[in-house]
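# Examination of the molecular architecture
As a plain string of letters, each chain reads:
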Amino acid sequence: MRRGPRVLASRLPWAHLVRSWVAWALVLTVGLGALVTTVVAMERQLYTEALDTLRTQGQLIAEDTVGVSGSSVPLTPDAQEHLRAHVDRLRESGHLIGLQVWTSGGALVFAYPEAAVVAAPHDAPRVRVGRDTIELDSNHGTFRSDDVLTRLTVGKSAIMVVAMLPPSAFKEILLRGELRLMALAVVSLVAFTVVWVSLRRRTLAREREARRDPLTGLGNRIRLTEAINRLGERPFALVMLDLCAFKEVNDTLGHAAGDSVLTSVAGTLKGSVRPGDLVVRHAGDEFAILLADVEDPDRAVGIAEHLCERLSNAHPTVGGVTLDIRANCGVTLGRGGHTDAATALREADVAMYGARNAGIRVGRYDPDHDDHDADRLALLAQLRQAIAHEGLALHYQPIVTAASGAHRGAAGVAIGPNERVNVVEALVRWDHPARGRIPPDVFVPLAEHTDLIGPLTTWILEHAIAQASSWQDSDLDMGVAINLSPRALRHELTAQVLTLLHHHHLSADRLTLEVTETAIAADPAEATATLSTLSAAGISISLDDFGSGYTSISHLTDLPVSELKIDRSLASAVTQRAEQATVVASIIDLGHRLGLTITAEGIEDTPTRDLLLGLGCDSIQGYLYSPALPPHQLEGWLTSHAYPGIVTGG
């Protein structure tokens with residue numbers, strides 16, 4: 001089943017979603033980490049600034065104290081007076097509450113005012129700055145003070161100055177820091193929001209692009225799948241539409257013209273459906289239309305017919321050429337929650353190709369005609385293994401020629417005074433190890449619709465020619481007839497057949513190739529050229545299933561055919577219907593006038609055989625004589641039916 005190119009880049013897989021959320025998590029983590037790091041750094045800076053302020057205030061006092069006295073002895077009255085004046089000035093300015101001067105030995109040498117003495121230096125070895133208070137750790141425990149103390153050792157005299165500072169200055173520092181921190185938090189939040197919005201927009205844009213066909217602007221398969229999944233329990237119809245002869249537009253006018261046609265078709269379809277319906281470009285020149293709340297098959301087919309009609313009336317002009325757009329549609333019905341998108345698409349696709357093969361515009365899905373199920377896929381894989389590992393076998397059915405019939409190359413075996421077998425038809429058989437005997441009409445069409453028909457044809461040719469070669473060298477000198485698939489009639493077939501004949505040393509007149517009208521009609525020119533070359537090499541060409549088509553007679557004068565095989569539907573009914581006998585008699589007469597041998601297949605009773613021979617038929621094939629048999633059973637059958645024995649020679 002043909003498929004156009006898929007827009008794989010537009011798909012939004014789980015991996016992309018995971019990457020997107022991981023990116024978001026990383027951005028959030030980095031942002032919060034940077035914010036926490038900044039907060040910690042600012043806190044440390046605030047503490048540093050507070051301590052520096054305390055130390056600066058204390059340093060000024062210490063310098064003044066050193067200037068008064070450089071020894072550890074109690075300060076002189078003049079020095080104390082000078083220091084009191086200095087403390088008064090600082091107290092008036094609000095920079096100081098009180099002051100103490102201690103010696104390194106722990107003696108208090110100065111305190112002003114006396115009420116400011118709250119702790120000895122050895123009780124306050126360090127100052128820890130907090131957000132709202134200053135904690136003084138002492139040997140007697142921890143206590144809090146609204147005032148701030150700082151101490152430092154001055155000069156060689158190891159005089160220790162303890163300054164009691166008001167909390168207002170420190171609180172101002174904290175307040176300014178908090179304001180800066182709040183500003184930083186606001187800026188960080190704004191920046192993070194901008195980045196988040198930008199990334200979110202890009203993510204949403206990528207998600208939209210992943211669901212959109214870039215050429216037509218329609219949705220794609222992902223969009224269709226999501227729409228079906230959102231239907232809940234609602235019924236729906238899915239229409240698959242494929243343009244006819246689109247390849248010719250690309251080949252003749254170029255791919256740019258093809259793109260213009262696709263864009264025009266997309267616009268026509270979108271303008272021809274209901275507001276709630278969804279039109280998507282499925283692949284290549286295929287479009288899918290989802291019709292919600294449609295459960296009547298006739299209504300769905302009617303909508304599909306309407307779409308085809310609208311397209312046929314559009315007549316787009318591309319490159320100065322007005323085009324006539326034709327399409328085939330396939331319709332299937334489903335219900336949300338019960339029919340998944342993949343199943344609906346496959347069923348609509350099967351219906352569409354059924355419509356194309358039947359020569360109609362719209363086809364409705366019929367499960368009885370759906371041979372593209374999982375079981376057949378498994379069978380296809382098993383057939384491939386059977387071909388590769390000799391899992392197939394050839395059986396051979398005798399073709400009995402009347403004594404008056406045309407000579408078929410090989411001497412053959414006489415099985416009666418007026419009957420001879422000099423050709424057998426090779427028929428492939430498959431005995432499946434689990435399923436048993438699988439009929440050829442099941443697995444051969446399966447191979448014909450895949451690339452397996454080539455290996456299967458090669459296998460049949462090689463084994464049948466090898467078997468005929470072994471008979472040629474024995475007393476059972478018989479030719480072999482081989483059916484050819486329509487897809488086998490390629491120019492490569494000539495070299496393949498002639499190589500096998502040469503390799504197995506089989507005379508060309510021992511080989512008959514049977515083809516059907518369908519095989520010829522697929523590509524008449526190549527089929528005629530291939531068959532003409534094979535015929536010129538001495539190989540007989542037989543037109544199989546003659547009478548089942550409508551134009552077979554027109555090929556008789558063009559093809560190098562040496563035999564007509566009347567289809568079993570005609571030959572087996574000659575005794576039941578007089579008009580059928582008249583038709584068969586006409587075919588026999590026509591064939592003889594053209595110099596052809598006539599064989600009737602599918603004969604199972606003596607009256608039918610006798611009537612056909614009376615009408616001039618040359619050969620009879622069917623269960624009346626024998627079914628298809630393995631080589632050793634066929635040889636036994638020929639030996640037992642030989643009359644008066646095995647006849648060899650010409």
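Residues numbered from 1 in each chain as written. Predicted model: local features only at pLDDT ≥ 70, side-chain atom pairs only at ≥ 80, totals over all residues. Heavy atoms only, no water.

The secondary structure content of the protein amounts to 19 helices and 24 strands. Burial status across the protein gives 46% buried among its 650 residues. Considering only contacts within the protein whose residues lie at least 6 apart along the sequence, 68% involve residues at least 24 apart. (Helix = DSSP H or I, 4+ residues; strand = E, 2+ residues; numbered from the N terminus. Buried < 20%, exposed > 50% of the residue type's maximum accessible area, 1.4 Å probe, protein only. Contact = heavy atoms within 4.5 Å.)

Counting 78 residues, the largest nonpolar core has Leu 392, Tyr 396, Leu 511, Leu 513, Leu 564 and Leu 612 as its most contacted members. The element contributing the most residues to this core is helix H11 (residues 453-472), with nine residues. Residues Ala 266, Val 279, Val 301 and Cys 329 belong to the second largest nonpolar core, which totals 33 residues. (Core = buried A, V, L, I, M, F, W, Y, C linked by side-chain atoms within 4.5 Å.)

Attention now moves to the pattern of salt bridges. Summed over all chains, the structure comprises 19 salt bridges. Taking the shortest distance from any N to any O, the salt bridge between Lys 565 and Glu 425 comes out at 3.1 Å. Of this pair, Lys 565 sits in strand E22 (residues 563-566) while Glu 425 sits in strand E17 (residues 419-432), and the two are 140 residues apart along the sequence. Looking at Glu 425, the relative accessible area reads 5%, which means it is buried. Residues Arg 437 and Asp 431 are paired through a salt bridge, measuring 2.4 Å at the closest nitrogen-oxygen approach. Shared partners join several salt bridges into a network, and the residues in it are Glu 425, Glu 514, Lys 565 and Glu 601. (Salt bridge = Lys/Arg side-chain N within 4 Å of Asp/Glu carboxyl O.)

In this section: the confidence of the model for the protein. Detailed reading of predicted coordinates is not advised where the pLDDT is low. When the pLDDT values of the protein are averaged, the result is 77; 70% of them are 70 or greater. Here residues 1-14 is modelled with pLDDT under 50, and outside its nearest four sequence neighbours on either side it reaches 31 contacts, counting other chains as well. (pLDDT = per-residue confidence, 0-100.)

Let us now look at the sheet that holds strand E8 (residues 235-243). Adjacent strands of a sheet form backbone hydrogen bonds with each other and so pair up, either parallel or antiparallel. As summarised here, the arrangement of the five strands in space is E9-E10-E8-E13-E14, forming an open sheet in which the pairing is mixed. The open sheet has two free edges, formed respectively by strand E9 (278-283) and strand E14 (362-364), since each of these has just one partner strand. For this sheet, the mean inter-axis angle between neighbouring strands, taken without regard to orientation, is 25°. Where E9 meets strand E10 (residues 286-292), five bridges bridge the pair, whose relative direction is antiparallel. Residue pairing across strands places Leu 278 opposite Leu 290, the latter belonging to E10. In the packing of helix H4 (residues 221-229) onto the sheet, the strands contacted are E8, E9 and E10, and the crossing angle to E9 comes to about 135°. (Pairing = 2+ DSSP bridges. Axes fitted to C-alpha atoms, helices over the stretch in contact; angles between N-to-C directions.)

Right, let's talk about the environment of Asp 431 for a bit. Mapped onto the secondary structure, Asp 431 falls in strand E17. What makes Asp 431 partly exposed here is its relative accessible area of 44%. When residues no more than four places from it in sequence are discounted, the contact partners of Asp 431 are Gly 391, Gly 436 and Arg 437.

Burial within E17 is extensive, with eleven of its 14 residues counted as buried. Direction of pairing for strand E15 (residues 392-402) relative to E17: antiparallel, over a ladder of eleven bridges. Along E17, the bridge assignment pairs Ala 393 with Arg 429. With three bridges connecting them, strand E16 (residues 413-416) and E17 associate as antiparallel partners. Note on E17: the bridge partner recorded for Ala 414 is Arg 420. Following E16, the chain reverses through two residues before pairing antiparallel with E17. In this sheet, strand E19 (residues 479-483) lies alongside E17 in parallel orientation, the contact comprising four bridges. Counterpart to Glu 425 in the pairing with E19 is Ala 481. Taken together, the three bridges between E17 and strand E18 (residues 436-438) define a ladder with antiparallel strand orientation. Across the sheet, residue Trp 430 finds its bridge partner in E18, namely Ile 438.

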